[in-house]
Structure formats: C-alpha cells, structure tokens
Amino acid sequence: MKDRLIFHIDVNNAFLSWTAVDLLEQGYPVDIREIPAVIGGDETKRKGIVTAKSPVAKKMGIVTADPLYIARRKCPELKIFRGDYTLYRKRSNELYQYFCTFTPTVERFSIDECFLDMTGTELLYPDPIQLAYHMKDEIYQKFGYTVNIGIANNKLCAKMASDFEKPNKVHTLFLEEVPVKMWPLPVSELFMVGKVSSKVLQEMGIYTIGELAQVPLSLLERRFKSQGKMMHEYANGIDYSLVGSKGVRNKSISVSETFAEDIENTSYLKKILLKQADRVGKQARKEHLYATTIAVIFKTDHFILYSHQIKLVNPTNVTEEIYKASLQILKQGWKGEPLRLMGIRLSDFTHHNHKQVSLFDTEKDFHNDKIQEVLDDITDKFGEGVIIPASLKE
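The model shown is predicted, which means the values in this text are computed figures rather than measured ones.

Scoring rules and cut-offs
- Residues numbered from 1 in each chain as written.
- Predicted model: local features only at pLDDT ≥ 70, side-chain atom pairs only at ≥ 80, totals over all residues.
- Heavy atoms only, no water.
- Helix = DSSP H or I, 4+ residues; strand = E, 2+ residues; numbered from the N terminus.
- Buried < 20%, exposed > 50% of the residue type's maximum accessible area, 1.4 Å probe, protein only.
- Contact = heavy atoms within 4.5 Å.
- Areas by Shrake-Rupley, 256 points an atom, 1.4 Å probe, with all protein chains shown as cover.
- Salt bridge = Lys/Arg side-chain N within 4 Å of Asp/Glu carboxyl O.
- Core = buried A, V, L, I, M, F, W, Y, C linked by side-chain atoms within 4.5 Å.
- Axes fitted to C-alpha atoms, helices over the stretch in contact; angles between N-to-C directions.
- Parallel < 35°, antiparallel > 145°, perpendicular 65-115°, else oblique.
- Left-handed = near helix turned anticlockwise from the far one by under 90°.
- pLDDT = per-residue confidence, 0-100.
- Pairing = 2+ DSSP bridges.

Observations regarding the overall build of the protein
Okay, so step 1: When helices and strands are tallied, the protein shows 14 helices and 12 strands.
Okay, so step 2: For the protein, with 394 residues in total, the buried portion stands at 49%.
Okay, so step 3: In the protein, 63% of the contacts between residues at least 6 apart in sequence involve partners at least 24 apart.
Okay, so step 4: Here the protein has roughly 19,800 Å² of accessible surface; of this, 54% comes from carbon and sulfur atoms.

So this is what it looks like as structure tokens:
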C-alpha cells in the first residue's frame, strides 16, 4: 500500500470556471470569476437554484442551492449564467486526455475530478510533488482554469488531500502524515461520513477523525453496521481500491482490530492473525472469490500506519494458506515495535482457482475445498475457534 502513488486532481469551481473560460474565448468583456456571478437555471422560474458561485458572490452570502430569487435579493447586481453541460463534458474530456499523457491509469471520479495512478513512473518523474506543480501550472496555461492536486499512497488520502486549502494548491497526505494532517480534522470532513453519521458520532463523544480512528471496530459495527468498517478504515487512512479498475479485481476484503493495549508479543499476534485469516477467508469463500494478493496492516504505538503485501503464485481463499502467508508477512514486514492495530486484507481477486498443480494434486484440492465448506458450516453454527486445523497449532 505504501509503495503506491496516487494523484487526485479536482477542478476548482468547475462549472463557473469552465463557463468563464468559454465566455472569455467568445469575447465577453470580464472574467465572471472576478465579479458577483453564479451558474444557475432559469431566473424567471422560482425553481431555479445556484449550482456554482464566484468568490465575490460567496462573500456576499450566496451559497450553493440558494434559489435564484434569493440570490438576487442578496446581490441585486448579480450576473446569472445558464449551465451548459455540453460544454462541461467537452472540458472534462479535454482534461482527461491531458491526464492520459502522464499515465494510462486514469479514473474519472466525477465530471470535474480524476484519480491518476502514478505508481511505477518514478523513472519518468522522479519528484512527484514537482510533477504535480508542473501539471497544475500547465493546466492553467493551456486551459485557463486552476485545479487542486492531492498526492498520497491511496485514493482516499489523495481525495482528502485535494480538499485541503483551495484554490490552485498541491497537498500531500502520505500514510505517515495521516496523524498530523488528517486526524485533527472534524469527523464531518472524513470522506463518506455524511451529516447524519457525523451527528451520531458527535453524540458518541467522537469529534475528530483521530478520535474516530481509535474507536474499536466492534463498537462502530454495532452502531453503524457495514458502514462502521468503512469509517474505521478511512479514519486510519486505509483504502485499497484501485484506480481505473472495475469489477471483481477492484474489490478487497479486509478485517482489522484495534487493541485495548499495545501488543508486541509475537505469539499473541499470531493468534490474532489466525482469527483474522479465518474471517477474511470465510468471506471470500462465501463470495466464491480467490485472492492473489495478501497484505497485513500495522499501526504502531506512535500511530504510524504501514503495510506489507505479497503476491501469490496460486489464488486462494483457504484459511490455512492465508494464515501462512500472513505469518510470512509478519516475519518480513513487521518492524518489531508495539502495535496498536493489525489487520489482513485480501485483494486482486479472481473467480477461479487456477493452481499450478500436477494431476495428482487435483483430487487433494477438491477434498480441501469440501473440508473447508464443512468447517465453515460448523463455525456458522457454533462460533469461531471451535475447530482449528492441526497444522496451524503451535
């Protein structure tokens, strides 16, 4: 995860900026970004609302979704322009093509923002921050509007970074920067945490992203169901989704646990990994998915988050294989410091278990799959830990 390099690029005030550039190209006498101006619907209809506003209009109290007649009351000299979605699509496509000159892995997140996977481009662009400033400035020179660029090790943090101070800025939010740059922010600013969830969190005494990051996953899942896991991972800067990929390979299955006290006992950590390997394996088996990548996530007593992963020769969803791979990662990737959190993540799935095996292994694999199904049925009925394979006992 830490080796990934992701850019999130967001056009500043896109609809108003794109309209302003188009008007200037047509000879309009002023830049509407510098006067009281909004993009909206038909002012003669009371249903028209503000969809974008200039900085000057914002200072006069006009907000997005204001009815146009209310905006006019706030600012009698207001200039109102109709939205032109044909133009916006054209500008969006133009920008997308520009991004593709830097990397083939570009994902449209919305009409005015994209993710770029810059992983592996170090030989072409040794300094990603310098590259981001070059792109930002070149976009302004070529197209006439400004963007914000967030740089991080995953999509979530890149998105959060690009939402820091605007406009026309470059920000980083690498994993080691999460405690300093993201945790002090209000929980309402965490991506995908809406007003309702934010209010509930505040009622629970959780006001900052950092406070949310320390809440045990089990508590969040009890209160927010499946959204609780997402909150827990996002608050800790965890996101494994891929840029520009669709379908099953974009999916990940993960589980993590925040410990009540810092842990550095290897034997205890192995027991945690076994429990987590069984959970993620069981979920993968339910969905008939086989992982080709296994990662273990670590968060230290100083709240430093890092991970280590391995690629498998043979895709798997078998608990024993996941556990043994996780032990290998623990041995190779854990730096030995006390841990506050640990988790396992499966990703890069296939629907088929394409093993490199001999004819004599086929029947054995079939029986292993059937045995795993029986074990899952037993744990569903009697709970986790009832049966542990002898090969996994120390």
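After that view, the rundown keeps rolling.
Examining the pattern of salt bridges
Okay, so step 1: A complete count under the given rule lists 16 salt bridges for this structure.
Okay, so step 2: The partner of Asp31 in a salt bridge is Arg33, and the shortest N-O contact between them spans 2.9 Å. An identical accessibility class is assigned to Asp31 and Arg33; each is buried.
Okay, so step 3: Notably, a salt bridge pairs Asp163 with Lys166, separated by 3.5 Å at the nearest N-O pair.
Okay, so step 4: Under the relative-accessibility criterion, Lys166 is labelled partly exposed at 40%.
Okay, so step 5: Linked through salt bridges whose partners overlap, the residues forming this network are Asp10, Asp163 and Lys166.

Observations regarding the nonpolar core
Okay, so step 1: Counting 39 residues, the largest nonpolar core has Phe7, Phe99, Leu116, Met135, Tyr145 and Ile149 as its most contacted members.
Okay, so step 2: When contributions to this core are tallied by element, the ones reaching two or more residues are strand E1 (6-11), helix H1 (14-25), strand E2 (37-40), helix H4 (85-99), strand E6 (113-117), helix H5 (128-143) and strand E7 (147-152).
Okay, so step 3: With seven residues, the top contributor of residues to this core is H1.
Okay, so step 4: Leave out the neighbours within four places in its chain, and Tyr145 touches Val11, Ser17, Trp18, Val21, Arg33, Arg91, Leu95, Ile139 and Tyr140.
Okay, so step 5: Ranked by size, the runner-up nonpolar core spans 30 residues in total, among them Ala152, Ala161, Leu190 and Phe224.

Here we look at the environment of Tyr98
Okay, so step 1: Mapped onto the secondary structure, Tyr98 falls in helix H4.
Okay, so step 2: In the structure, Tyr98 is positioned 44 residues away from Lys142 in sequence and 10.0 Å away in space, judged by C-alpha atoms.
Okay, so step 3: Those residues in contact with Tyr98, other than ones at most four positions away along the chain, are Met135, Glu138, Ile139, Lys142 and Phe143.

Here's the deal with the packing of H4 against H5
Okay, so step 1: With their axes 12 Å apart at the nearest point, H4 and H5 run at an angle of 135 degrees to one another. With respect to each other, H4 and H5 are oriented oblique. In this structure, the crossing between H4 and H5 has a hand that is right-handed. Contact residues: H4 offers Glu94, Leu95, Tyr98 and Phe99, while H5 offers Met135, Glu138, Ile139, Lys142 and Phe143.

A closer look at the confidence of the model for the protein
Okay, so step 1: Scored by pLDDT, the protein comes out at a mean of 87, with 86% of its residues at no less than 70.
Okay, so step 2: Here residues 356-367 is modelled with pLDDT under 50, and outside its nearest four sequence neighbours on either side it reaches five contacts, counting other chains as well.

Notes on unusual backbone geometry
Okay, so step 1: Following Lys166, the chain continues into Pro167 via a peptide bond in cis, with omega recorded as -5 degrees.
Okay, so step 2: If you trace the backbone, Pro167 turns up in the loop between helix H6 (155-162) and strand E8 (170-173).
Okay, so step 3: Even without a glycine there, the phi angle at Asn13 is positive, about 50 degrees.
Okay, so step 4: Topologically, Asn13 is positioned in the loop between E1 and H1.
Okay, so step 5: At Asn168, a residue that is not glycine, the phi angle is positive and equals roughly 60 degrees.
Okay, so step 6: Residue placement: Asn168 occurs in the loop between H6 and E8.

Details of the environment of Ile39
Okay, so step 1: Structurally, Ile39 can be placed in strand E2.
Okay, so step 2: Residue classification places Ile39 among the buried residues on the basis of a relative accessible area of 1%.
Okay, so step 3: The spacing of Ile39 and Arg82 is 43 residues in sequence and 5.7 Å in space, taken between C-alpha atoms.
Okay, so step 4: Non-local contacts of Ile39, meaning those with residues more than four positions away in its chain, are made with Phe15, Leu16, Thr19, Ile49, Val50, Thr51, Ala52, Phe81, Arg82, Gly83 and Tyr88.

Here we look at the sheet that holds strand E11 (residues 305-316)
Okay, so step 1: Spatially, the four strands line up as an open sheet ordered E9-E12-E10-E11, and their pairing is antiparallel. At either end of the open sheet lies a strand with only one pairing partner, and these are strand E9 (252-263) and E11. The average undirected angle you get between the axes of adjacent strands in this sheet is 15 degrees.
Okay, so step 2: Summarising the sheet, strand E10 (residues 290-300) and strand E12 (residues 339-350) pair through 10 bridges and their orientation is antiparallel. The partner of Ala291 across the bridge, within E12, is Phe349.
Okay, so step 3: Of the strands in this sheet, E9, E10 and E12 are in contact with helix H12 (residues 266-286), which crosses E9 at around 155 degrees.

So, the sheet that holds E1
Okay, so step 1: In space, the five strands of this open sheet follow the order E5-E6-E1-E7-E8, with mixed pairing throughout. Either end of the sheet is taken by a strand with one partner, and the two such strands are strand E5 (106-110) and E8. Taking each pair of neighbouring strands and ignoring which way they run, the sheet shows an average axis angle of 20 degrees.
Okay, so step 2: As paired elements, E1 and E6 share five bridges and run antiparallel to each other. Bridge assignment links His8 to a residue of E6, and that residue is Phe115.
Okay, so step 3: Lying over the sheet, H6 contacts E1, E5, E6, E7 and E8, oriented at roughly 145 degrees with respect to E7.

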